[in-house]
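Structural description and commentary
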Amino acid sequence: MPMTTTSALPLPVPHADATVLDNAAWHSLAGPHAHFAVGGDLVKRYPEDVAPFVAVRTWDDPDVWDALRELVGPGADVGLSGFEGEIPADWQWVGGGEGVQLVETDALRTRPDDEAVELSAADAAEMIDIVARNQPGPFRPRTYELGRYIGIRRDGRLVAMAGERLHPTGWTEISAVAVDADHRRQGLASRLVLDVAFHIQQRGDRAMMHAAAANVGAIAAYERLGFALRRRNRFAAVRTPA
């Protein structure tokens, strides 16, 4: 089954090379997140307890499928991003979806949040719990090690969270934006996104985000904050030969 990727025209982003965002996971693992990287020169992945992402340097190399299978093992499900074409005959199609990539614009007005607290290893169980309750995307036991994570507590309970995930050179992804149902419509998600973006900018990076294309409410909210669509992505899950 063919898998395609379509892109909007890249926005001019000062002080950062936006082309690395075309393959954000690879440029994270080959760059600032190299200390997490498992794999070789063609295919890399994060440790399974850190993040589920597998990155391919280029799909033009004929050895990429063998390298991918060697890295993840036989009969394993793996997500593909940025691939256009047909999967090999002995691989199995599992599923797919559409996503969007958003980048900050000059309209983004970041600020630190006085109520936000930084989260650490001591908060990992609560972070996993709030992700499980709200399903903002994959989060593993050591995902918090990828960057700075913050949260808001009410009566001691973690009710809102956001943090940093992929880190291609010059950019940092804002991810794991989660707010419990009984604390929504209070602006907590926006406050946390603006705080995370503030600290990203303080390091000299630019902020970017990914979202499921179907999550139109969240996309609209991020656009109101000052993010803009950069590209649309087709994501696919396949199973390696047994």
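As the structure is a prediction and not an experimental result, all values here were calculated from the model. (Residues numbered from 1 in each chain as written. Predicted model: local features only at pLDDT ≥ 70, side-chain atom pairs only at ≥ 80, totals over all residues. Heavy atoms only, no water.)

Description of the pattern of salt bridges
Here is the rule we go by: A carboxyl oxygen of Asp or Glu within 4 Å of a side-chain nitrogen of Lys or Arg is what we treat as a salt bridge. Secondary structure elements are taken from DSSP: a helix is a run of H or I of four residues or more, a strand is a run of E of two residues or more, and numbering for both begins at the N terminus. Partly exposed residues are those whose accessible area sits between 20% and 50% of the maximum for their type, while under 20% is buried and over 50% is exposed, using a 1.4 Å probe and protein chains only.
Applying the stated criterion across every chain yields a total of 21 salt bridges. Of the charged contacts in the structure, one is a salt bridge between arginine 191 and glutamate 115, with a shortest N-O distance of 2.8 Å. Placement of arginine 191 in helix H4 (residues 188-202) and of glutamate 115 in the loop between strand S6 (92-104) and strand S7 (117-119) is noted, with a sequence separation of 76 residues between them. Note on glutamate 115: relative accessible area 29%, which makes it partly exposed. Linking arginine 148 and glutamate 118 is a salt bridge whose minimum nitrogen-to-oxygen distance equals 3.1 Å. Of this pair, arginine 148 sits in the loop between helix H3 (124-134) and strand S8 (149-154) while glutamate 118 sits in strand S7; the two residues are 30 residues apart in sequence, bridging distant segments of the chain. Since its relative accessible area comes to 16%, arginine 148 is described here as buried. On the accessibility criterion, glutamate 118 (56% relative accessible area) is exposed. Taken together, the shared-partner salt bridges connect Asp113, Glu115, Arg154 and Arg191 into one network.

Some thoughts on the sheet that holds strand S4 (residues 54-56)
Cut-off, in case you're wondering: Two strands qualify as a pair provided DSSP detects at least 2 bridges between them.
Strand order in this open sheet of three strands is S2-S3-S4, and the pairing throughout is antiparallel. Edge positions in the sheet fall to strand S2 (38-39) and S4, since each has one partner strand and no second. Alignment of strand S3 (residues 43-45) against S4, held across three bridges, turns out to be antiparallel. Considered in S4, the bridge of lysine 44 is made with alanine 55.

As for the nonpolar core
The line we're drawing: As used in this record, nonpolar core signifies buried Ala, Val, Leu, Ile, Met, Phe, Trp, Tyr and Cys residues forming a set joined through side-chain atoms within 4.5 Å. Here, residues are in contact when the closest pair of their heavy atoms is within 4.5 Å.
Residues Ile174, Val193, Met209, Tyr222 and Phe227 are the most contacted members of the largest nonpolar core, which totals 27 residues. Within the residue set of this core, elements represented by two or more residues are S6, S8, strand S9 (157-164), strand S10 (171-179), H4, strand S11 (206-212) and helix H5 (216-225). At seven residues, H4 tops the list of elements feeding residues into this core. The contacts of valine 193, once residues within four sequence positions are left out, are Ile174, Val177, Met209, Tyr222, Leu225 and Phe227.

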